[in-house]
Amino acid sequence: MIDPAPEDVSRDPGFPCGQSGGQERYGLALSGGGYRATLFHLGALWRLNQLGLLRQLDRVSTVSGGSLMAGILATRWDELDWGEDGRRALNFEELVVKPTVDFTGRRIDGVVIALGLIPFVSPADVMDGVLNRTLTGGRALADIPEVPRFVFNAATLATGRAWRFSRQYMVDSSIGVVCAPKLPLSRAIAASAAYPPLVAPLILDLTKHRLQPVEGADYFDDKHLKREVRLLDGGAYDNLGVETVEGRCAIALVSDAGGNLTLDSRTWRYHFWWPLIRKTLDLAVEGGRRQRRRGLIDRAKAARLLSAAGQKHGLVTEHVAIWRTAQDMSGSDRLPDGVVVDSDWAPYLAGLSTRMWPMRPRDWKALVNWGYLTCDKAVEAWMPAMDGIERPKKLPYPEINFGAKPVPKKWWKPSTWL
C-alpha cells in the first residue's frame, strides 16, 4: 500500500488566488540545517547550473537554512546572464556564490539571541531586521520571480501544519489563504528559520491582510487565528521541504543537509537533561526525514510502474534524485581526476554545527564541494536522460583535500581553528 501524495489546496476549484497552473517538470527542495545547509545547497546549485538544470526549475521549496540560500537565489534570479544557449548562468559565481559566502561569514544567531533577551524584544523580529539588511536588501515577496516559484515553508504552532509563503499567496490550509501578500521577503525567511526555543515564535499579524477560506479550512472562523499566527522553523513540520514539490512536479530534486543524528557513545552525557532532550529532538527530526524520503521514492516508483502498464493514476512525481550530507562518496566513479575521498568525510560534514555562525574556511569550502559532488552523483544516477553526462572536471574549491581525514575543531588547540 503506497501512501497518497500530499494534497495541494491550490488546485481546488474554489481556490481564491486564481489558477495555480498545470503540472510542472522540475522541482527543487532545499532542506533545513542552518549555515551547514546553506553552504551544502550552494554546492548543489553550482553543479545544477553547470548541468543546465538550474534554468529549468519550475519550483523551489525551502526550509530554514535552505530558505537562506533560496533568498539569495531569488533576489538575484532576474540578473542572471544565461548566455547564448540560455542554459547556464555565466555570472553565477558573482551573483550567487560570492553573496552566499559573504552572508555565511556573518555572526547572526548570537546577535539575535542576545538582543532577544531584552524584555519586550522579539528575537524573531530581530532576525527579520537582520535578514532584511544583509540578505534580501529590503525586497518584498512581490519582487521575487514568478518562475521559478519560490516557496518558503514555516510551521504554525496552533495547528501543527505548514505555513507557506510565496509571491502568489501565503497559506495554512487549515486556517485560510492570503492572496498576493504584501510582506517583506525577510519576514518569510525569518519565519522559516525561527528555530525553537531561542528564536521562535515569529508572530505574523493577519489584521493587515485579507484572509480568505479554502477547502478544509476548519479553523477559519477562529477569532484568535484571524488576528495573528505564531510561526516557527519549517523543519518542525517538513524538514526537507518536499511537500510542495511532490504531486506538483514530475521530477523532484531534493538536497538534504540533515545529519545531526550522528554516533555518540558517551553515555555519561545522557544523565543531563539538555543532551537528552537534544538527542530526542534529533531522533524525531531524522525519523520524519526518513519517512518523507522513503514515501517520496516509493510513490515515484509506483507512478513509473503504473504509467508503464498504461494505468491511470493520480501520482504526478515519477523521478526523484536525493543527495545528502551523510552520503558516502568514497570510491565514487563521479569524482574529478585525481580526487580521492576518505570515508570519514560524510559523518564529519553531516555533524557540523547548524548555527548561523561562521565556520572555518576548510569546513565551509568542504561543504560546498560536498553539495557539488553528491548532487552530481544523484542527478547522473536517477534523472531521466542524464545518464552519461560528463563527470566534474574539478571541485569548486580544489584546495580541499578529501583524501586526508577531516580535522575536527578543538577549542584547546589553536592549530585546528583555521
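For the structure itself, consult the block above.
All residue numbers refer to position in the chain's written sequence, counted from 1. With pLDDT at 70 or above as the cut-off, local features in this predicted model cover only qualifying residues; side-chain atom pairs require 80 or more to be listed or tallied, and sums for whole chains, interfaces and linings still use all residues. Side-chain numbers come from the whole structure's heavy atoms, not from hydrogens or water.

To characterise two packed helices, one gives the angle between the axes of the helices and the distance between these axes. It is at 8 Å that the axes of helix α5 (residues 123-134) and helix α6 (residues 185-192) come closest, and there the two elements cross at 130°. In this view, α5 runs oblique relative to α6, as classed from their interaxial angle. For the crossing formed where α5 meets α6, the hand is right-handed. For the pair formed by α5 and α6, the contact residues are A124, D125, M127, D128, L131 and N132 on the first element and S186, R187, I189 and A190 on the second. Residues are grouped as follows: Ala, Val, Leu, Ile, Met, Phe, Trp, Tyr, Cys and Pro are nonpolar; Asp, Glu, Lys and Arg are charged; every other residue, Gly included, is polar. Class assignment of the residues belonging to the contact of α5 with α6 gives a composition of five nonpolar, two polar and three charged. A fitted line through C-alpha atoms serves as each axis, taken over the contacting stretch for helices, and the angle formed by two N-to-C directions is quoted from 0 to 180°. We count a stretch as a helix when DSSP gives it H or I for four or more residues in a row; a strand needs E for two or more, and each element gets its number in order from the N terminus. Throughout, the term roughly parallel applies to angles under 35 degrees, roughly antiparallel to angles over 145, roughly perpendicular to angles from 65 to 115, and oblique to all others. Handedness of a crossing follows from how the near helix is turned relative to the far one, being left-handed for an anticlockwise turn of less than a right angle and right-handed for a clockwise one. Note on definitions: a residue-residue contact is assigned when non-hydrogen atoms from the two residues lie within 4.5 Å.

The topology assignment puts S31 in the loop between β1 (24-30) and α1 (34-50). The residues touching S31, leaving out its near neighbours within four places in the chain, are A37, H41, V63, G65, G66, N239, L240, S255, D256, A257, G258 and R289.

Here, expected helix span is obtained from the residue count minus one, scaled by 1.5 Å. The end-to-end C-alpha distance of helix α11 (residues 361-382), which contains 22 residues, comes to 32 Å, matching closely the 32 Å that a straight helix rising 1.5 Å per residue would cover. Type-normalised accessible area, obtained with a 1.4 Å probe on protein chains alone, sets the label of each residue: buried when under 20%, exposed when over 50%, and partly exposed for intermediate values. Counting buried residues in α11 gives 17 out of 22 residues, a clear majority hidden from the surface.

Defined simply, a disulfide is a covalent bond joining two cysteines at their sulfur atoms. Note that a disulfide, as used here, is simply two cysteine sulfur atoms within 2.5 Å. One pass over the structure, following the stated rule, counts one disulfide. Bridging C17 to C179, the disulfide has an S-S length of 2.0 Å. Looking down the S-S bond of the C17 and C179 bridge, the torsion is -90°, so its handedness is left-handed. Of this pair, C17 sits in the segment before β1 while C179 sits in strand β6 (residues 176-179), placing them 162 residues apart in sequence. Since its relative accessible area comes to 22%, C17 is described here as partly exposed. The closest cysteine sulfur to the non-disulfide-bonded C375 is located on C249, 16 Å from its own sulfur. C375 gets classed as buried once you look at its relative accessible area, which sits at 0%.

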